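Here is how the chains run, residue by residue.
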Amino acid sequence: MKASASVALLLSASAIAFAQPPTTFTCGSYVADDGKAAPIAWTTHNVKASETTEPLRLEVEPKIRGTTDSAVLPLAPLRLYTLTMTCRRGPGLGLEARVNWVGADKKPGSRYMVWQLPDRYRINWWPLSALKNTYKQRFCLPPEATQVTLQFVLTGHPDAGYNYFELYDLSLTRGAEVPFGQRLGPNLCPGGDM
């Protein structure tokens, strides 16, 4: 009984030690309405952020799930956007990148990013490399989407370690409008690379 209580206390203490107040920082840029690059502000939750000159390093503890969320971005629905990211991922880290929004029905929506190389598509899918590389993904928001944010979800592997994500550069550029017909069918998908 004493041993199990000690283990539980130790696990609780380590979780409390890692639970820290959210960190805010800026990293990357998007093109604002005036055509100039504006910085993207981020907030972490259960993620340790180490800002250096290069790169930004995000880390989570084993078995911990954390998020890094951007501030609300002024992105327009039915417009093509390209997210370009230069990064490397620790081989133990589970990493997802998402664009989130609130829909016309006031319910949250989300699209998971599947990263491509800048000069060619990657057939099927595999995780981001542990080596520094540049990736791109296009997306389009559904009609009447508001409160758009970008999000990284980091999940620490219980055994492998190397639960880090290093971000060297991130840019969000806008492209052409994506016209939809007056009568939207149930199977139309506004994904930029579909």
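Since the structure is predicted, the reported quantities are computational estimates derived from the model, not experimental observations.

Definitions and limits used
Residues numbered from 1 in each chain as written. Predicted model: local features only at pLDDT ≥ 70, side-chain atom pairs only at ≥ 80, totals over all residues. Heavy atoms only, no water. Salt bridge = Lys/Arg side-chain N within 4 Å of Asp/Glu carboxyl O. Buried < 20%, exposed > 50% of the residue type's maximum accessible area, 1.4 Å probe, protein only. Core = buried A, V, L, I, M, F, W, Y, C linked by side-chain atoms within 4.5 Å. Helix = DSSP H or I, 4+ residues; strand = E, 2+ residues; numbered from the N terminus. Contact = heavy atoms within 4.5 Å. pLDDT = per-residue confidence, 0-100.

**Q** For this particular structure, what's the right way to read the pattern of salt bridges?
**A** For the structure shown, the criterion picks out six salt bridges. The closest approach of N and O atoms between Glu59 and Arg57, which form a salt bridge, is 3.3 Å. Of the residues examined, Arg57 reaches a relative accessible area of 25% and is grouped as partly exposed. A salt bridge links Glu96 to Arg98, with the shortest nitrogen-to-oxygen separation between them at 2.5 Å. Judged by its relative accessible area of 23%, Arg98 is partly exposed.

**Q** Looking at this model, I keep getting lost on the nonpolar core. Mind explaining?
**A** Grouped together as the largest cluster of nonpolar side chains are 38 residues, with contacts concentrated most on Met85, Phe139, Phe152, Leu154, Phe165 and Leu167. When contributions to this core are tallied by element, the ones reaching two or more residues are strand 1 (24-31), strand 2 (37-45), strand 4 (56-59), strand 6 (79-89), strand 7 (94-102), strand 9 (133-140), strand 10 (146-155) and strand 11 (164-177). The residues contacting Met85, other than those within four sequence positions of it, are Trp115, Leu128, Asn133, Thr134, Tyr135, Phe152, Phe165, Leu167, Asp169 and Leu170.

**Q** How should I be thinking about the confidence of the model for the protein chain in this particular structure?
**A** Close inspection of predicted coordinates is inappropriate for parts of the model with low pLDDT. On average, residues of the protein chain score 83 in pLDDT, and 80% of them are at 70 or above. Low pLDDT, under 50, characterises residues 1-17; the predicted model gives this stretch zero contacts beyond four residues in sequence or across chains.

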